[in-house]
Amino acid sequence: MQTGVGFFTLSKKIPSLVIGAALLSTLAIGISSVLSGSSILEEASKTRLEALTASRATQINEIFQRLKTDLNLLGQTPSTIKGVVSFTMGFGSSGRSGLRKKYIKNNPTPDDRKAYDGEDDFSFYGQQHKQNHPYFRSLIESYGYPELMLFDLKGNMIYSVNKRDDFASKIIKKDEPDSPLKTLVQTLIDEKKTDLVLAADYFSYPSLAGQKAAFAGRGIFAQDGNLEGVIVLQVPDKGINAILGDRSGLGESGRMMLVGNDGLLRGTSTGSGTSKLDLSVLSVAKSQKFATDVSVSEDGRNTLYAAQTVSFFYKVWFVLSEQEMDEILKPAHDLSNRILITSVALFILIGAVGMYASRSIVSPLQKITQAMMNIANGDLEQEMPALSRSDEIGSMAHAVEVFKNNEKEAVYLRQSQEAERIRSEADKMQAMLEIADGLEQRTGEAIQQMNTVIEMLKSNSSEMAQTSQATRTKAQDVQSFAQTTSLNVSTVASATQQLKESSLEIAHEMDKATHTTKDASEAVSGAMQVVEGLSQSVESIGDIVELIQNIAEQTNLLSLNATIEAARAGEAGKGFSVVASEVKGLAMQTANATEGVSEKISQINSETELVIEALKDISDKVFEVQNASVGIASATEEQNTSIDDINQSVGEASSGTQHISDYMEDLTQHSEETNASVENMHSAIGELAHSFTVLGNEIDAFVSSISNASNKG
């Protein structure tokens, strides 16, 4: 029996399964951890950026709101109103060139210009400057505004804290292009609304060497409601830049930006006003005021964006924060590396544990398997290993031990059953042989006796035929003598005496024929009894054959059950399955042989019935011969009576000649009938002899078939 060892053995399966399960579970946990970690990190980063963006947007909104509040406050204070009226009057008297020379040219540095109060300016403008400049300077310093400017109703910058290059110039000129600051001042002058606060978006401000700057302003109204001028504050870039430049919570790749409604960056940082951002998050934030999204940045990297709207007076701007996804997911990547290292370590550790476990399991299993193979190969004295173990392997070893003991008992039982079956079959076969031998002997003897009787019948029938022929001839002679009785009475008397002797002889022979036919009838009756006994013996043999068939069917059923049990036993039951198959084959052969015997017995029964019918016909023919013999004996007795009458009536021979002639005619007729009956009896005896020959041949064939079946069994 081939065991078929290979890669798929427990010694390789168990470690492979343990290592594979550990590897899969570790990878599953790792991948799940990385994915969930990435998702958690992304959501946490969104939440963090949302909070940071909202915080920065609130701070910038506060700056813009404070700017608006400060403008409204300054625009309504008496100092500002008085200052703008005074500076307007002084600007007209001092002239633009004089002011630029005194306040710009004579103070070349920005700090000098800012610090110069006008100590050596004794003009009306100078006096107003000395009074108002310290106030406005301290005001923007304390509030953090880069610049404060005052404009008259003609668009002249009549005052500024820093005295930049556009101080004392007219910014509203028809021949010059519009600038956001020009538009701001012009609109405020034209609208003349007391509550109107406008802003000038960031633009390249020439007085700052092209740097970006944004402004907000409002009109200055007197107590009577008349517009006296315009006050403008520069948007505090340092505060905004400080808010946007605060990188706390943004990592290394994160940044905070101020973006206009046109997608351009705002503020004084590098790239502001020139780098346009085309991001869907801005469109969503514009309609929902807040949005987050992951998009591809200008340099092709996945970046997380968060945007929230801020109100720059009447314009919508966005505070936009961004951080690269690689940096956000870096902890997840680091976690995946740690999980990979941990997985390798667990793989090695669990592999070692799996190898140890497989050795502790597979080694005793291999020993038990070898023991089971030895048991399957017939070694029922095999000592079973691992019986002392208290685990499942020990239970398996005990189960195999029970199977081995059961197999011992099954082998002993099969051997006993096989011996009993052989002995029973031998006894049955011996009984069949004895029956066949007895049948052959008795049938042979009966046939021999019948042949002897038939030969005697043949001989007697021949003799009867001869006697009948002689009687007919003599009757003819008597008839001839009767015709000549008148000539010679003595001759008639002598002939009558001779006729009487012949008649006595005929009577004697007929008596013998009668006894012979009676013996033949008895012999036929005996033959019928023998044949009927043969039929009963054949029926007994049929019962025995039926019993053998039942035994064969039971044996076939037992072999089928044994085959099923062997299949349940698996590999260990293969040998037992082979034995069961061989037993099943023998049972099928026995069933086939008994079917052949049954067919022969049926044929013998049919032929026996034919023999019985033939014997009945012979018996009928013998009975007819016997009746004919009785008739002949009666005729012979009548003949003797006639002869006695002839002897008594010798003297009356002449007168009785005619009667004798008539009697002789009757005798001739009876002789012919007797001859015909004898011929019929002779023919029937021939047929009887042929039937007995056929019967003997069939019985010999039947006995030979039983002997052959015995030899095959």
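Residues numbered from 1 in each chain as written. Predicted model: local features only at pLDDT ≥ 70, side-chain atom pairs only at ≥ 80, totals over all residues. Heavy atoms only, no water.

**Points about the sheet that holds strand β8 (residues 290–296)**
Two strands in a sheet stick together by hydrogen bonds in their backbones, pointing the same way (parallel) or opposite ways (antiparallel).
Line of reasoning, step 1. Across the sheet, which stays open at both edges, the five strands sit in the order β7-β6-β10-β9-β8 with antiparallel pairing between neighbours. In the strand order of this sheet, the two ends are held by β7 (265–266) and β8, each with one partner.
Line of reasoning, step 2. Sheet strands touched by helix α8 (residues 280–288): β6 (255–259), β8, β9 (302–312) and β10 (315–324). Its angle to β8, the strand with the most contacts, is close to 170°. (Pairing = 2+ DSSP bridges. Helix = DSSP H or I, 4+ residues; strand = E, 2+ residues; numbered from the N terminus. Contact = heavy atoms within 4.5 Å. Axes fitted to C-alpha atoms, helices over the stretch in contact; angles between N-to-C directions.)

**Description of the side chain of R164**
Line of reasoning, step 1. Inspection of the secondary structure assignment puts R164 in the loop between β2 (157–160) and α6 (180–191).
Line of reasoning, step 2. Residue classification places R164 among the buried positions, given a relative accessible area of 10%.
Line of reasoning, step 3. Beyond its immediate stretch of four places on either side in the chain, R164 contacts I104, R113, P146, E147, Y205, S207, L208 and Q234. (Buried < 20%, exposed > 50% of the residue type's maximum accessible area, 1.4 Å probe, protein only.)

**Some thoughts on α8**
Line of reasoning, step 1. All of the buried residues along α8 are V281, L282 and A285. Seen from one end, α8 has its buried residues packed into an arc of 100°, which puts them on one side. Among the exposed residues of α8, those oriented more than 90 degrees off its buried face are S283 and S287.
Line of reasoning, step 2. As for α8, its buried residues are in contact with β6, β8, β9 and β10.
Line of reasoning, step 3. With its phi angle positive at about 70°, K289 sits one or two positions after the end of α8. (Arc of directions from axis to C-beta.)

**Overview of the pairing of strand β3 (residues 197–205)**
Line of reasoning, step 1. The buried fraction of β3 is high, at eight of nine residues.
Line of reasoning, step 2. In terms of strand pairing, β3 meets strand β4 (residues 211–221) through seven bridges, oriented antiparallel. When the bridges of β4 are listed, L198 appears paired with G217.

**With respect to the packing of aromatic side chains**
Line of reasoning, step 1. Applying the stated rule across the entire model yields 16 aromatic pairs.
Line of reasoning, step 2. Geometrically, the ring pair formed by Y103 and F167 is edge-to-face, given 6.1 Å between the ring centres and 70° between the ring planes. In this pair, Y103 sits in helix α3 (residues 96–105) while F167 sits in the loop between β2 and α6, placing the two residues 64 residues apart along the sequence. The two residues Y103 and F167 agree in class, both being buried.
Line of reasoning, step 3. Ring plane angle 70° and centroid distance 5.1 Å describe the contact between Y205 and F215, whose orientation is recorded as edge-to-face. One end of the pair, Y205, is in strand β3; the other, F215, is in strand β4, and 10 residues separate them in sequence. When sorted by exposure, Y205 lands in the same class as F215, which is buried.
Line of reasoning, step 4. Among the aromatic residues, ring-to-ring pairing joins F87, Y103, Y116, Y125, Y135, F136, Y159 and F167 into one connected group. (Phe/Tyr/Trp six-rings, centres within 6.5 Å; stacked < 30°, edge-to-face > 60°.)

**Focus on α3**
Line of reasoning, step 1. Within the sequence span of α3, burial applies to L99, Y103 and I104. Seen from one end, α3 has its buried residues packed into an arc of 90°, which puts them on one side. Opposite the buried face of α3, at more than 90 degrees from it, the exposed residues are S97 and K105.
Line of reasoning, step 2. Those residues of α3 that are buried lie in contact with α2 (78–94), α4 (110–115) and α5 (124–143).

**Some words on the nonpolar core**
Line of reasoning, step 1. Membership of the largest hydrophobic core comes to 54 residues, with the highest contact counts inside it found for F64, L148, L150, I240 and L258.
Line of reasoning, step 2. It is helix α1 (residues 10–76) that provides the largest number of residues to this core, a total of nine residues.
Line of reasoning, step 3. Non-local contacts of L258, meaning those with residues more than four positions away in its chain, are made with I60, F64, I240, L244, L264, L265, R266, V310, W317, F318 and V319.
Line of reasoning, step 4. In terms of nonpolar packing, the next biggest core, distinct from the first, is built from 20 residues, M149, I172, L198 and L208 among them. (Core = buried A, V, L, I, M, F, W, Y, C linked by side-chain atoms within 4.5 Å.)

**A word on the confidence of the model for the protein**
Line of reasoning, step 1. Mean pLDDT over the protein stands at 80; residues scoring 70 or higher make up 84%.
Line of reasoning, step 2. Segment residues 1–5 is flagged for pLDDT under 50; beyond a separation of four residues in sequence, or across chains, it makes four contacts in the model. (pLDDT = per-residue confidence, 0-100.)

**Here's the deal with the sheet that holds β2**
Line of reasoning, step 1. Read across the sheet, five strands follow the order β2-β1-β5-β4-β3 without closing on themselves; strand pairing throughout is antiparallel. Since the sheet does not close on itself, it has two edges, and those belong to β2 and β3, each with one partner. Each strand of the sheet is rotated relative to its neighbour by a mean of 25°, with strand direction disregarded.
Line of reasoning, step 2. α5 contacts β1 (148–151) and β2 of the sheet and is inclined by roughly 50° relative to β2.

**Some thoughts on a negative patch on the surface**
Line of reasoning, step 1. On the surface, a cluster of negative charge is made up of E609, E613, D617, D620, E624 and E687.
Line of reasoning, step 2. When residues in the negative patch are grouped by element, the largest group, five residues, is from helix α13 (residues 574–648).
Line of reasoning, step 3. Mapped onto the secondary structure, E687 falls in helix α14 (residues 653–712). (Patch = residues over 30% accessible without salt bridge, like charges linked within 9 Å, V, L, I, M, F, W, Y side chains within 5 Å. Areas by Shrake-Rupley, 256 points an atom, 1.4 Å probe, with all protein chains shown as cover. Salt bridge = Lys/Arg side-chain N within 4 Å of Asp/Glu carboxyl O. Lys, Arg positive; Asp, Glu negative; His and termini not counted. Charge placed at Lys NZ, Arg CZ, Asp CG, Glu CD.)

**Some words on the packing of α2 against α5**
Between two packed helices, what matters for the description is the angle formed by their axes and the separation of those axes.
Line of reasoning, step 1. Where α2 meets α5, the closest approach of the two axes is 9 Å, and the angle between their N-to-C directions is 145°. Like other packed secondary-structure pairs, α2 and α5 cross with a definite hand, here left-handed. Contacts between α2 and α5 involve S79, T80, G83, S86, F87, M89, G90, F91 and S94 from the first element and F124, Y125, Q128, H129, N132, Y135 and F136 from the second.
Line of reasoning, step 2. Along the lines of polarity and charge, the residues of the contact of α2 with α5 split into seven nonpolar, nine polar and no charged. (Left-handed = near helix turned anticlockwise from the far one by under 90°. Nonpolar A, V, L, I, M, F, W, Y, C, P; charged D, E, K, R; others polar.)

**What to know about the pattern of salt bridges**
Line of reasoning, step 1. Scanning the model with the defined rule gives 14 salt bridges in all.
Line of reasoning, step 2. Measuring nitrogen to oxygen at the nearest pair gives 3.1 Å for the salt bridge that ties E324 to R301. Of this pair, E324 sits in strand β10 while R301 sits in the loop between β8 and β9, and the two are 23 residues apart along the sequence.
Line of reasoning, step 3. Note on E324: relative accessible area 17%, which makes it buried.
Line of reasoning, step 4. For R389, the salt bridge goes to D391, with nearest N and O atoms at 2.6 Å.
Line of reasoning, step 5. Look at the salt bridges and you will find they share partners, linking D201, D262 and R266 into a network.

**Looking at unusual backbone geometry**
Line of reasoning, step 1. Despite not being glycine, K163 has its phi angle at roughly 50°, a positive value.
Line of reasoning, step 2. Examined against the element boundaries, K163 turns out to sit in the loop between β2 and α6.
Line of reasoning, step 3. In this structure, K289 is a non-glycine residue whose phi angle is positive, near 70°.
Line of reasoning, step 4. Note on placement: K289 falls in the loop between α8 and β8.

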